[in-house]
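# Notes for the structure review
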Amino acid sequence: MNDLIVTIANVTGSGLRQAVPLILVAMGGLMAERSGTVDIGLEGKLLLSAFAGAAVASLSGSVSLAVLAAVLTSVVFSMLHGFATISQKGDHVVSGLAINVLASGLTLVLGQAWFQKGGQTPLLPDELRFKPIVFPGVEAVRGVPVIGPIYEKIISGHHVFTYVAIASVFLTAFLLYRTRLGLRIRAVGEEPNAVDTAGLSVIGLRYLALVFTGVMCGLAGVALSMAQNGGFVREMSANMGYMALAAVIFGKWRPWPAFWACFLFGLLGALSGSLQGVPMFGLPEIPSQIFNALPYVLTIVLLASFVGKAVAPKAIGRPYVKER
Amino acid sequence: ACGDKAPKKDAAATDAPKTEAKADAAGGPAIIFDAGGKFDKSFNESGYNGAEMFKKETGKSYLDFELKNPAELEGVLRKMAQRGGNPIVTMGFNSGEALNKVAAELPKSNFVIIDSEVKQPNVKSVQFREEEGSFLVGALAAMASKSGKVGFIGGMDIPVIRKFSCGFEQGAKHINAKAEVIKNTVGTTGDAWNNPTKGGELAKAQFDRGVDVVFAAAGGTGNGVYQAAKDGKKYAIGVDSNQNYLFPGTMLTSMVKRVDNAVLAAFKESAAGSFKAGSVSMGLAEDGVDWADDEHNKALVNDEMRIKVNAIKKDIIDGKIKITCDGK
Amino acid sequence: MSDSHDAQPAGPYAVELKRINKRFGAVWANKDIDLSVPKATIHGIIGENGAGKSTLMSVLYGFYEADSGDVVIDGEKVKMTNSTHAIAHGVGMVHQHFMLVETLSALENILLGAESSWSLDASKAKARQKLEAISQKFGLEVPLDEPVGELAVGVQQRVEILKALYRQAKILILDEPTGVLTPQEADQLFDVLRDLRTQGVTVLIITHKLREIMDVTDNVSVMRGGKMVAHRKTANTNAEELAELMVGRPVAKDLPKGNLDQSQVYLSVRDLSYTDGKGIKRLKSISFDLHAGEIVGLAGVSGNGQTELLKILSGEMRGTSGMIDFVADGKPAYTCQTWPNPKQLRAVGVAHIPEDRIGQGLLKNFTMQESAILGYHHDASLGSKFSLMVKKVRDSALALIKAFDVRPNLPEIRSANMSGGNQQKLIIAREMARQPKVLLVGQPTRGVDIGAIELIYKELVKARDAGAAILVVSVELDEVLTLSDRILVMNQGQITGELKGDEADPRTIGMLMASSEAMKG
Amino acid sequence: MSDKKNSQALPIWLTGFAIPVVQLVLAFGLASLLVLSIGQSPLEVLSVLFRGAFNFDTGLPFTLFNATSLIFTGLAVLVAFHAGLFNIGGEGQAYFAGLGVALVCLWLGPYLPAPLVFLVAIVAALIFGGFYGFIPGLLQAKRGAHVVVTTIMLNYIMFAFMDFVMRFWLGKGESTDSENFAESSILPRLSEMLPFLGFDDTPLNFAFFFALVTAAFVWWLIWRSRLGYEIRVVGQNPQAAGYAGISVSRTIIISMMISGALAGLMAVNMVYGAQGRLSLSFTSGIGFMGIAVALMGRNHPVGVVLAALLFGALAQGGSEMQFDLPDISPEFNVVIQGLIIFFVAALDGLIRKPIETLYQKKGSA
Ligand SMILES: Nc1ncnc2c1ncn2[C@@H]1O[C@H](COP(=O)(O)OP(=O)(O)OP(=O)(O)O)[C@@H](O)[C@H]1O
Ligand SMILES: Nc1ncnc2c1ncn2[C@@H]1O[C@H](COP(=O)(O)OP(=O)(O)OP(=O)(O)O)[C@@H](O)[C@H]1O
Ligand SMILES: [Mg+2]
Ligand SMILES: [Mg+2]
């Protein structure tokens, strides 16, 4: 029994960790999309900031500089996206795609030029990484059934970005629903005309939302290359940006449901990992492909059976021009 | 100029001279890396090291190419031949069929394929008995393991990787019949070789299930595995190149696969005009695979272990220990 | 009565516009416009579709920046390049097309841009109090916490007005505020405007309904073709003169109709009921017949089931129970479930002019000629089995353009770039072109100027005289009275009254409609 | 979209040719700066890229070959886009179609005459690809499951499925490729069809012409057919579709099927044409690049063909760069692609508008 709980706690903890970059990116993407900007470039920003963080960390030896560089890089590309879509009224998907392509090229070209390791950065020493935080009392409660494993594996023992990610959901929900800025952002994604005639700047609000997106992707990148891993590896974002976007849609563009979608993706990933190789149904070996497909199959089943129709913010992807 | 059995006789016949004419222009050995890229810290990088060794030893340069996607291979092989590449080494498990086709069309060029077998008169196939090396590191893993549980993480579910996991498992069981081997596969696309995050999580999941030594054969994904092992104070085993230096104190050993030697040898043979086609199988006996024993893991491998592993190695070479892994 | 300018009304002025010019590409929407509006008066602005009224008001509101000219407020020349400036100078505007965020609550909509603090909750609490006071003062009740999208248009209108009042607008612009209101709602609105006037607020109101101008305004200005052509004191003018000033020619008043045999039933509806997704009964056992050669007017306060009835009859939506018999097709009566879809219905002669022309009747990004075949895109005359032939599509559009004087005469123009009135004409032309046996019409003249109204009425009567059975749903009592041979009044999903067209009078119908209002309240 | 009306007045050579060229020049200009920053000569890079992509020996045919696949996947994205759907699933759809083509070639190839194999293989590609587009279409239409999410998920499911297929079923021995098809069941190459061109040794095959024909067909489908009209109505305004009696869900399903089928044709070029066998991950991102191609091509088939040629040329020129400029990392080419997408497509207005106004001013002066 306790074994089962320990296993569940392990899988949940792992799911949470795997969800961390997803959550951060999803919150960023959610803010962009709620303000009316489609952001398919999340993937690229994640990759770029992961690279910027690891690269600056190993060049400068300073964690804070690295975080700053990662966030700045991501914000700069976010602004580039804003310039193309908001100011120049370009196509949102194209611009996002361009950023993704640029990201996968730039990280490798620059990485190769700076470190000559085929696009990898050097491995980061421990002092340049964010290590898991062990909460006080883990030892003490370890033996306690149920509470022990939950405390040790789910609540404690994560690197700081896990907590940052969860806080970011609170923050996003708070910003969006409890502040006037949030009201304005929600409005500008639905009906920019209404925002404009209310004497507010449509463009300003959308840029502001994109700054938030940039910061979030930047933090996610740091989490990836400096907390979960110790350095940058080519294409290490591994489509997490797209998964985060899927989570935003899955969560119908709302922070908490999007968070749960990310968590679900993480959990299913963890589950598929820990189920592999466990003898089941009396079969000697279940092909690993089944486990690899499992999270995606379950996602579709859930989406098709419970979630129902998702309605995007009305003005999403459309440039704002004053016309009827 | 082309063999009669070649199906596309006309087309091949007209182009063969052209190819050869150009072949005189540049020349020199050539190597084609697969999508992992030449700095993947393991398989490709090992081949790259071999080519670099050749350059250093002979002062001669070589041609190289990184495939962006496997579909390019045929074209690149032809182009390498046109540019006078000789021999042309192609890396990776999934180049076999393409080479099979191209080699038949270009009988005057010589090819070397690593990790796959192509039966053509102008192709040398170098395959490694990864299961033998993996057997050794499996045995070491079982010796180092306190829990009796060891883990394996492979990039994709492909034949080569299965030879690793199969040998590893048998090696572990050789030391400890009750040893449990937990196996994971990272993914189903090429991304699986570049996903350290997933690798790290799979490793952590294995640690949670009691594993205390993990062996990764997953290219760049391995970085995440080793990092997780270091963070979790477990042992990890590197692959292809000697990766012991990455995390001294964590890296128990590495299953080295001397692709570098194979490439170097092929280049040299050709330079000396003594290219030999046919299949070559490189195992412990041929120094094709081995376990890495150096100053970085000195602290982790004690004399008793070392003696035992070397004894097993000898037994395998002598045929006293039989490893049966077919890759399927 | 001449076209010559009356003098502008005497000051002091709340608003003065001086030599305003505004061009959109080749279109000169406003040309050297002068306008002076005395303080605390209600000033009407009228003009044909596309005359430039909305543009002028948007300039005053800073939504558009004028190419040249000055905006003077309370005697002070102000910079007006942005709605912020307008709001700061006490200008509020209710736009022709509502500027509301449908997913937000009424309160949030009102609050947007005028929040009192960074905290939404605090702002809301404060606003709620203030709004209660305003609502009471003017009798403008709205459910503050419901999403605006779920409110009836009349209520949305109130939200828009509250938005302006909440910002303490001293100058209130209303662009066609009554286009979507019932006469009762419009009267309520006018009471509010009069109240505002006594509080010192200056009101500018655009409308196509001359009755309303005569009813509520102190002064009126007339625009035509981007220019200001006349100013009048309302007391010194009348509807006929204004109509002529607008259109530039006299407008016919009466509508001659032929006497026809109206004995043949074309469409027969029996016990039709509809329950919506939320379980609310929208239609309760509706039964009526539609005869060849008759126009039946369906009167009623909007939201009493007319929209649903039209959608079900046109095949766009399925009823819950009941029978519909399209007599002319010779087939037995259909149940709600077997009633064909709109495409099939059009093919057998049941056409539909939708209430919501921009939302449904055409496609903004399609060319005019593409919009002109919507619903008929399977017509055999337009090409072969699978393909549409551009030339045939274009020819069919040109035929419509000719028949209904649709402007501009350019089938390749983007539908969104046509004026509202011309969009409406195109849709009506399309639906009438194939001589349907049954024609279902929703709000045929909403937002359309009197010149176009005249044409649309004539065409509807022409179709009737040719033997079509026509059902006209309208919230305009005048319209129903003018057009109908027979009038049905709808009330809470039921037909509560039936009157002969020539016997009906506004009072009786109004009472039938009002009673339903009372029941609702 | 709103500037369409304005651009009608402008000559096509300006809007369709001169402006894109300026944009390209700008993108390459920026790339040149990058080249300079890593100490290489931009001129040399450009000339290698250009020669590599267009030399008649191997460059041009490879460029056309690359373009062929991109045309198919670009058209796939285009069709879905006109129905208001964003099909990210081209990768999975093409992959599955590859299985269909391979099964036909492996099973029937040895027995049927080549023209028949050709037909059946194409039909198989259409059916398999179409089926894999049908699933997300159905889920969207009937269950409201967003296509963007489902197509991403379905890609991964297909990767796993095909992994399984190659591992346990079609994989030959220790390789991850299937058996080679019989010689008679491989699409003829251009070098065989038109030997005088001399495109020897290149995988360019008949599928290229087929792609052009398909592009023409898609143009007809979207702008000239009754079905296309319905697709565009649904994509623009579902309410209007309801009013017009067009079934939104049916149209969504059909569009996704067509989209999937078009993506599937990519397998005809790769599996049936170039490789003559089914290999693991043969789609290698081309399905995904179709998005960029469609959007760069302004969702018009002619644009798609041009954009596909551009990307095809870049890929080919880039691989040539590896041979001739070994000091520049091969990923540099990816950076150039990104810059081009950004300047030619995303920042379109930045360059287009000033040029257009300049032109108009000159014209009126
Ligand atoms: N945003 C815009 N872009 C281009 N042209 C416009 C725009 N807004 C208005 N116009 C043009 O300016 C002219 C005046 O339009 P406006 O909307 O002011 O007319 P209106 O008098 O309000 O008509 P209606 O009675 O139909 O509301 C029209 O010809 C219209 O096409
Ligand atoms: N965005 C635009 N760009 C260019 N021309 C336009 C635009 N919008 C409208 N027009 C042109 O202006 C003329 C009148 O349009 P307008 O929108 O003012 O009509 P409207 O009668 O005011 O409609 P409504 O009564 O519904 O407000 C039409 O001929 C149309 O072609
Ligand atoms: Mg108007
Ligand atoms: Mg107007």
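Above this note sits the structure.
Quick summary incoming for the structure in this document.

Calculation criteria
- Numbers given to residues run from 1 along each chain, matching the order in which its sequence is written.
- As they are written, the chains are lettered A onward and the ligands numbered 1 onward, keeping that order.
- The predicted nature of this model means local features are confined to residues of pLDDT at least 70 and side-chain atom pairs, given and counted, to a pLDDT of 80 or more, with totals for whole chains, interfaces and linings taken over all residues.
- Only hydrogens and water are removed before side-chain values are computed, so all heavy atoms of the structure are retained for them.
- Sulfur atoms of two cysteines make up a disulfide when they are within 2.5 Å.
- Strands here are runs of E lasting at least two residues and helices are runs of H or I lasting at least four, both read from the DSSP assignment and numbered beginning at the N terminus.
- For each residue, the accessible area found with a 1.4 Å probe, counting protein chains only, is set against the maximum for its type, and the residue is called buried under 20%, exposed over 50%, and partly exposed in between.
- In this description, the arc belongs to the directions extending from the helix axis to the C-beta atoms.
- In this description, contact between two residues means that some pair of their heavy atoms is separated by no more than 4.5 Å.
- Any two of the Phe, Tyr and Trp rings considered here, Trp counted by its six-membered ring, make a pair once their centres fall within 6.5 Å; the pair's planes then place it as stacked at under 30 degrees, edge-to-face at over 60, or tilted in between.
- Remark: a charge is flagged as sitting over a ring if the NZ atom of Lys or the CZ atom of Arg is within 6 Å of the ring centre and within 35 degrees of the ring normal.
- Working definition: residue near molecule or strand if any one of its non-hydrogen atoms lies within 4 Å of it.
- The term polar contact refers here to a pair of N or O atoms within 3.5 Å; inside protein, the definition further demands a hydrogen-donor-capable atom paired with an acceptor-capable atom, and it admits residues adjacent in sequence only when both atoms are side-chain atoms.
- We call Asp, Glu, Lys and Arg charged. Ala, Val, Leu, Ile, Met, Phe, Trp, Tyr, Cys and Pro are nonpolar, and the rest, Gly among them, are polar.
- Buried area is understood as the total, over both parts, of accessible area removed when two parts are fitted together, assessed with a 1.4 Å probe.
- Basic side-chain nitrogens of Lys or Arg form a salt bridge, by our definition, when they fall within 4 Å of a carboxyl oxygen of Asp or Glu.
- In this analysis, strands are considered paired if DSSP registers two or more bridges between them.
- The axes used here are C-alpha line fits, helices contributing only the stretch in contact, and every angle between their N-to-C directions lies in the interval 0 to 180 degrees.
- Joining through side-chain atoms within 4.5 Å is the link that ties buried Ala, Val, Leu, Ile, Met, Phe, Trp, Tyr and Cys residues into a set, and such a set is a nonpolar core.
- Atoms are scored as donors when they are N, O or S and lie within 2.8 Å of the metal, with 3.2 Å used for Na, K and Ca; no water is included, so coordination may look incomplete.

## Notes on the state of the cysteines
Going through the model one piece at a time under the given rule, you end up with 1 disulfide over all chains. A sulfur-sulfur distance of 1.8 Å marks the disulfide that ties C166 of chain B to C325 of chain B. One disulfide, between C166 of chain B and C325 of chain B, carries an S-S torsion of -85° and so falls in the left-handed class. Within this pair, whereas C166 of chain B is found in helix α6 (residues 159-175), its partner C325 of chain B is found in the segment after α10 (303-317), the two being separated by 159 residues in sequence. Considered together, C166 of chain B and C325 of chain B belong to a single accessibility category, that of buried residues. No disulfide involves C262 of chain A; its sulfur sits 12 Å from the nearest other cysteine sulfur, which is in C217 of chain A.

## Description of helix α6 (residues 147-155) of chain A
Residues and elements named next belong to chain A. Inspection of α6 places G148, P149 and E152 among the buried residues, and these make up the whole buried set. Buried positions in α6, seen along its axis, are confined to an arc of 85° and lie on one side of it. Buried residues along α6 sit against α1 (2-34) and α5 (138-141). In the segment just after α6, G157 is the residue with positive phi, at about 80°.

## A word on the packing of aromatic side chains
With the rule as written, the count across this model stands at 45 aromatic pairs over all chains. Ring geometry for F51 of chain A and F232 of chain A: centres 5.2 Å apart, planes at 75°, overall edge-to-face. Of the two residues, F51 of chain A is situated in helix α2 (residues 42-60) and F232 of chain A in the loop between α10 (202-228) and α11 (240-250); the sequence distance between them amounts to 181 residues. Taking 5.4 Å as the distance between ring centres and 75° as the angle between the ring planes, the aromatic pair formed by Y334 of chain C and W339 of chain C counts as edge-to-face. Accessibility assignment for this pair places Y334 of chain C and W339 of chain C in one class, buried. In this structure, K130 of chain C is placed above the aromatic ring of Y166 of chain C, and the distance from its NZ or CZ to the ring centre is 4.4 Å. Sitting over the face of the ring of F366 of chain C, R232 of chain D holds its NZ or CZ atom 4.9 Å from the ring centroid.

## Section: the site of ligand 1
If you check the shell around ligand 1, you find 17 residues, and the closest are N49, G52, K53, S54 and T55 of chain C. The site occupied by ligand 1 is bordered by residues of chains A and C. With respect to ligand 1, the side chain of Q96 of chain C contributes an N or O atom lying 3.2 Å from an oxygen atom. Here E176 of chain C contributes a side-chain N or O atom positioned 3.1 Å from an oxygen atom of ligand 1. For the shell around ligand 1, the elements supplying multiple residues, two or more each, are β2 (27-38) and α1 (53-60) of chain C. Here the shell around ligand 1 takes 3 residues from α1 of chain C, the largest share from any one element. When the residues that make up the shell around ligand 1 are grouped by side-chain class, the tally is 5 nonpolar, 7 polar and 5 charged.

## Considering the interface of chain D and chain A
Bring the parts together and some accessible area is lost; that lost area is often taken as the interface size. Each partner contributes residues to the interface: chain D has 43 residues there, and chain A has 45 residues. Taken together, both faces of the contact between chain D and chain A bury some 3,800 Å²; the carbon and sulfur share is 80%. Note that R234 of chain A is salt-bridged to E331 of chain D, the shortest N-O span being 3.4 Å. Where chain D packs against chain A, one counts 4 residue pairs in polar contact (both at pLDDT 80 or more). A total of 13 residues in the side of chain D that touches chain A trace back to one element, the largest contributor, which is helix α7 (residues 147-170) of chain D. Here the side of chain D that touches chain A is composed, by residue class, of 29 nonpolar, 9 polar and 5 charged.

## Concerning the arrangement of the chains
Where 5 pairs of chains are in contact, the pair with the most contacts is made of chains A and D. For the non-touching pair chain B and chain C, the nearest C-alpha separation works out to 38 Å.

## Here's the deal with the interface of chain B and chain A
Taken together, the contact pairs 32 residues of chain B with 33 residues of chain A. For the pair chain B and chain A, the summed buried surface comes to about 2,700 Å²; carbon and sulfur atoms form 43% of the total. Ranking the residues of chain B by area buried against chain A places F39, T197 and E201 of chain B at the top, with a combined share of 20%. Our count for the contact surface shared by chain B and chain A stands at 5 salt bridges. The closest approach of N and O atoms between E201 of chain B and R17 of chain A, which form a salt bridge, is 2.8 Å. If you look at where chain B meets chain A, you find 14 residue pairs in polar contact (both at pLDDT 80 or more). When contributions to the side of chain B that touches chain A are tallied by element, the ones reaching two or more residues are β7 (180-185), α7 (196-208) and α8 (221-231) of chain B. No other element matches the 7 residues that α7 of chain B contributes to the side of chain B that touches chain A. A per-class count over the side of chain B that touches chain A returns 7 nonpolar, 13 polar and 12 charged.

## What about the sheet that holds strand β5 (residues 123-128) of chain B?
All names here are of chain B. An order of β2-β1-β3-β4-β5-β11 is seen for the 6 strands of this open sheet, with the pairing classed as parallel. The open sheet terminates on both sides in strands that have one partner only, identified here as β2 (63-66) and β11 (278-282). With strand direction ignored, the average angle separating the axes of adjacent strands in the sheet is 15°. Bridge analysis of strand β3 (residues 85-91) against strand β4 (residues 111-114) gives 4 bridges, and the strand direction is parallel. Following the sheet pairing, I88 is matched in β4 by F111.

## Concerning the nonpolar core
One broad rule of soluble globular proteins: the nonpolar side chains tend to lie buried together. One finds I114 of chain B together with M57, L193 and L204 of chain C to be the most contacted residues of the largest nonpolar core, which totals 364 residues. Discounting residues that sit within four places of it in the chain, L193 of chain C has contacts with I42, L172, L174, V203 and I205 of chain C. V220, I427 and L439 of chain C together with V233 of chain D belong to the second-largest nonpolar core, a separate cluster that totals 69 residues.

## Remarks on the pattern of salt bridges
Enumeration over the complete set of coordinates arrives at 72 salt bridges over all chains. Across the salt bridge formed by D121 of chain C and R178 of chain A, the nearest N and O atoms sit 3.6 Å from each other. Of this pair, D121 of chain C sits in helix α4 (residues 120-138) while R178 of chain A is found in helix α7 (residues 160-178), placing the two residues in two different chains. A salt bridge links R486 of chain C to E294 of chain C; the nearest nitrogen and oxygen atoms lie 2.7 Å apart. In this pair, R486 of chain C sits in strand β19 (residues 486-491) while E294 of chain C sits in strand β13 (residues 294-299), placing the two residues 192 residues apart along the sequence. Of the two residues, R486 of chain C and E294 of chain C, both sit in the buried class. Each of the salt bridges in this network shares a partner with another, and the network as a whole consists of E74, R78, K101 and E105 of chain B together with D177, R189 and R277 of chain D.

## Description of the coordination of the magnesium ion (ligand 4)
Residue and element names in this part refer to chain C. Within the first shell, the magnesium ion (ligand 4) binds the protein through S54 (OG) and Q96 (OE1), at distances of 1.8 to 2.3 Å. Note on S54: relative accessible area 23%, which makes it partly exposed. By relative accessible area, Q96 is classed as partly exposed at 28%.

## A short note on the sheet that holds strand β6 (residues 91-94) of chain C
Residues and elements named next belong to chain C. The 6 strands lie next to each other as β6-β7-β8-β3-β9-β10, forming an open sheet whose pairing is mixed. The sheet is open, and its two edges are formed by β6 and β10 (227-233), each paired on a single side. Put simply, the sheet's adjacent strands are angled 20° from each other on average, direction ignored. When β6 meets strand β7 (residues 171-175), the two strands line up parallel, connected through 4 bridges. Within the sheet, the bridge partner assigned to G92 lies in β7 and is L172. Packed onto the sheet, α1 meets β3 (42-47), β6, β7, β8 (202-206), β9 (219-224) and β10 and runs at close to 150° relative to β8.

Everything listed is a geometric property; what it means functionally is a separate question.
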